[in-house]
Each structure stands twice: as structure tokens, then as C-alpha cells.
Amino acid sequence: MLYYYIIKNNEENCYLLYNSLGVQNMMKYERISTHIIENIQSNTILPNEKLPSLREMADIFCVSIGTVQAAYDSLERENFIYSIPKKGYFVLGTNGHPK
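One structure accompanies this document, and this report is about it. (Residues numbered from 1 in each chain as written. Predicted model: local features only at pLDDT ≥ 70, side-chain atom pairs only at ≥ 80, totals over all residues. Heavy atoms only, no water.)

## Digging into the side chain of N39
Here N39 lies in helix α1 (residues 28-41). What makes N39 buried here is its relative accessible area of 16%. (Helix = DSSP H or I, 4+ residues; strand = E, 2+ residues; numbered from the N terminus. Buried < 20%, exposed > 50% of the residue type's maximum accessible area, 1.4 Å probe, protein only.)

Rendered as C-alpha cells:
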């Protein structure tokens, strides 16, 4: 299993996701969604916890809002998160449903 970790890029003041082999062999949105899934599975992000906004995540990882939207869309399709219009994105409960 590959593990992903974050490296701070001081030049651009953003974070880059690398896998345990030190290479970036996935699409940017896949790296972001994998990072979120790992945080959900390790209980670093808890059920019903609000995720950062699209703009905040884009700033954190120095990617476009569209890239973060693609990651969140993927996580929604895979039933890891859910969205509430004009409120944001939240982690689904352990049973796959929001409380």
C-alpha cells in the first residue's frame, strides 16, 4: 500500500502530496482525494466534520478550484463526503449517512 504525505513548499507557500515512493504518479485531484480518504480512515477527520472550502483547499495545495471540485466530486461519488448547498462539504458518518 502506498502512503501519501505532505511536503511544505516554501517557495509557493503551499503543500505538495507525495506518495511513499517520493513520486507524484496520480492526477492532482486523485492525490487530494486519497489524502482526505486516509484522514477519514485514520479518524483524523471525523464524521460530520466540515472540510475546508474549495477556495481554502485550492490555496493550501496550490491547485485550481476546479481540481479541488473534482476531488470533492470523486469523494461524494464514493460516499466519503456529502455537500450541503451554501454550507460546504462534510464527512459522512460511519454508516454512510449524515447524522
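The structure having been displayed, the exposition proceeds.
## A short note on the nonpolar core
Nonpolar side chains tend to gather and get buried jointly when the protein is soluble and globular. With 19 residues, the main nonpolar core has I32, I36, L51, V68, Y72 and I81 as its most contacted residues. For this core, the secondary-structure elements that each account for two or more residues are α1, α2 (54-61), α3 (65-77) and β4 (88-91). (Core = buried A, V, L, I, M, F, W, Y, C linked by side-chain atoms within 4.5 Å.)

## Comments concerning the packing of α2 against α3
Taken N-terminus to C-terminus, the directions of α2 and α3 make an angle of 110 degrees; their axes are 8 Å apart at the nearest point. With respect to α3, the element α2 is oriented roughly perpendicular. Crossing of α2 against α3: the hand is right-handed. On α3, the residues that touch L54, R55, M57 and A58 of α2 are I65, V68, Q69 and Y72. (Axes fitted to C-alpha atoms, helices over the stretch in contact; angles between N-to-C directions. Parallel < 35°, antiparallel > 145°, perpendicular 65-115°, else oblique. Left-handed = near helix turned anticlockwise from the far one by under 90°. Contact = heavy atoms within 4.5 Å.)

## Observations concerning unusual backbone geometry
Non-glycine residue C62 carries a positive phi angle of around 55 degrees. Tracing the chain through its elements places C62 in the loop between α2 and α3. Residue C62 is classed as partly exposed on the basis of its relative accessible area of 33%. The backbone of N79 shows a phi angle near 60 degrees, a positive value even though the residue is not glycine.

## Some points on the pairing of strand β3 (residues 81-84)
In terms of strand pairing, β3 meets β4 through four bridges, oriented antiparallel. Along β4, the bridge assignment pairs I81 with V91. Linking two consecutive strands that pair antiparallel, namely β3 and β4, is a turn of three residues; a positive phi of about 65 degrees is found at K86 within it. (Pairing = 2+ DSSP bridges.)

## Concerning the packing of aromatic side chains
Summed over all chains, the structure comprises two aromatic pairs. Plain terms: the ring middles of Y82 and F90 are 5.6 Å apart, the flat faces sit at 25 degrees to each other, and that makes the pair stacked. Residue Y82 shares its accessibility class with F90, and that shared class is buried. (Phe/Tyr/Trp six-rings, centres within 6.5 Å; stacked < 30°, edge-to-face > 60°.)

## Some points on α2
Quick reminder: α-helices carry 3.6 residues per turn. Residues three or four places apart thus point the same way. Taken as a whole, α2 has its buried residues at L54, M57, A58 and F61. One side of α2 carries all its buried residues, which in axial view fall inside an arc of 100 degrees. Exposed and oriented more than 90 degrees from the buried face of α2 are R55 and D59. (Arc of directions from axis to C-beta.)

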